[in-house]
Amino acid sequence: MSMTAAESQNEPEASLGEAELLLRALLDNLPVAVCRYDREGIFRFHDGKGLEVSGVQPGAHVGKSVYELYASAPEAVESIRQAIAGKGSHTISEAHGVTWETWVIPVRHGGEPGAVTITMDATAARQREQELRNKLELIEKQQRVIRDLSTPIIEVWDKVLTLPMVGVVDSLRISEVMDNLLSAVVSKDARFAILDLTGVDAVDTRTAGYLIEMIQAIRLLGAEGIITGIRSNVAQTMIALGLDLSGVTTVGNLRAGLKLCMQRMARAGEGGGAPAK
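Since this is a predicted model, take the numbers as computed values, not measurements.

**Comments concerning the side chain of Thr-99**
Item 1. Turning to its location among the elements, Thr-99 is positioned in strand β4 (residues 98-109).
Item 2. Judged by relative accessible area, Thr-99 falls into the buried class, the value being 7%.
Item 3. For Thr-99, the residues in contact, after removing those within four places along its chain, are Ile-92, Ser-93, Glu-94, Met-120, Asp-121, Ala-122, Thr-123 and Arg-126.

**Quick word on the pairing of strand β2 (residues 43-47)**
Item 1. Where strand β1 (residues 32-37) meets β2, four bridges bridge the pair, whose relative direction is antiparallel. In the sheet register, Val-34 faces β2, and the bridge partner there is Asp-47.
Item 2. The antiparallel hairpin formed by β1 and β2 contains five residues in its connecting segment, where Gly-41 sits at a positive phi of about 85°.

**Re the pattern of salt bridges**
Item 1. Counted according to the given criterion, the structure contains ten salt bridges.
Item 2. In this structure, Arg-24 and Asp-47 form a salt bridge, with 2.7 Å as the shortest nitrogen-oxygen distance. Remark: Asp-47 occurs in strand β2 and Arg-24 occurs in helix α1 (residues 5-29); sequence separation between them is 23 residues.
Item 3. Judged by its relative accessible area of 35%, Arg-24 falls in the partly exposed class.
Item 4. One network of salt bridges, with partners in common, ties together Arg-24, Asp-28 and Asp-47.

**Quick word on the environment of Thr-207**
Item 1. Assignment of secondary structure puts Thr-207 in helix α6 (residues 205-220).
Item 2. The buried category is assigned to Thr-207, whose relative accessible area is 0%.
Item 3. Residues Thr-207 and Arg-173, 34 residues apart in the sequence, show an inter-C-alpha distance of 8.8 Å.

**Some remarks on the sheet that holds β2**
Item 1. If you walk across this open sheet you meet the five strands as β2-β1-β5-β4-β3, and the pairing is antiparallel. Of all strands in the sheet, those bounded by a partner on one side alone are β2 and β3 (89-95). For this sheet, the mean angle separating the axes of adjacent strands, direction not counted, is 20°.
Item 2. As paired strands, β3 and β4 are joined by seven bridges and run antiparallel to one another. Each bridged residue has a counterpart across the sheet, and for Thr-91 the counterpart in β4 is Thr-102.
Item 3. Strand contacts of helix α3 (residues 74-84): β1, β3, β4 and β5 (112-121), with the helix running at about 135° to β5, the strand carrying the most contacts.

**A few points about the side chain of Thr-123**
Item 1. With respect to the helices and strands, Thr-123 occurs in helix α4 (residues 123-150).
Item 2. Polar contacts involving the side chain of Thr-123 include one to the side chain of Asp-121, which spans 2.7 Å.
Item 3. In this structure Thr-123 touches Val-98 and Thr-99, once residues within four positions along its chain are discounted.

**Some points on the environment of Ile-215**
Item 1. Along the polypeptide, Ile-215 turns up in helix α6.
Item 2. Exposure remark for Ile-215: the relative accessible area of 1% places this residue in the buried category.
Item 3. Considered as a pair, Ile-215 and Gly-247 are 32 residues apart in the sequence and their alpha carbons are 9.1 Å apart.
Item 4. Those residues in contact with Ile-215 that sit more than four places away from it in its chain are Leu-195, Gly-225, Ile-226, Ile-227 and Val-248.

Conventions we followed
- Residues numbered from 1 in each chain as written.
- Predicted model: local features only at pLDDT ≥ 70, side-chain atom pairs only at ≥ 80, totals over all residues.
- Heavy atoms only, no water.
- Helix = DSSP H or I, 4+ residues; strand = E, 2+ residues; numbered from the N terminus.
- Buried < 20%, exposed > 50% of the residue type's maximum accessible area, 1.4 Å probe, protein only.
- Contact = heavy atoms within 4.5 Å.
- Pairing = 2+ DSSP bridges.
- Salt bridge = Lys/Arg side-chain N within 4 Å of Asp/Glu carboxyl O.
- Axes fitted to C-alpha atoms, helices over the stretch in contact; angles between N-to-C directions.
- Polar contact = N/O pair within 3.5 Å; in protein donor to acceptor, adjacent residues only side chain to side chain.

Dropping the structure here:
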């Protein structure tokens, strides 16, 4: 259906009326404050429900200079100055106990440059974001605790550490364990570190290599690494990979490993010490 001349003439006016209606609905119901400034930084529009927080009445700043009113906030003033010059910005700030998110937008009115600021109360959104961040941090801490509990480093005797490992040991887990064990060897001035694999069901190909590297790293720190309780399937994996175990001390179980450590310490004149408390 074609539009009549009268309808065509009334279309811009109708559209303008719709825009004003929508703007009024936004300003009256959402926690926003909208301002427009002319080329001199004078308020030409100042309205919005968000002004309630600051106790300023809508329209109270109209006709006033933003540079004078907010001289104590040079960053905010400069962002408006730059917007009038054509460069917009987006900032998040705190004021009156509220988190404000502000967009500073260059505009032109009647051919003259100016700026519009749209400021929204983002407190609730920021609180939800912080709560989510806190939950993620808590989950990460819990995961670290679980990993530590699943691979505890125990000082079973003076200068003797043991690392009982359980379940399926993948390359990511063994990499983390390696860092922790080497740090413990240094901090405890350990002479022996026993890797007890009695509870390990399976290892991947990279993990088997990591175990050998761990023994070598322990040796570089002046201690001796001993592997105990290797299951047959784990041993087969290591052999299939062609890993050189000739320089690695292995014994059947943890008890035998502890006995070996005490014997070697006794021969070295260290006497075995006393059980760690």
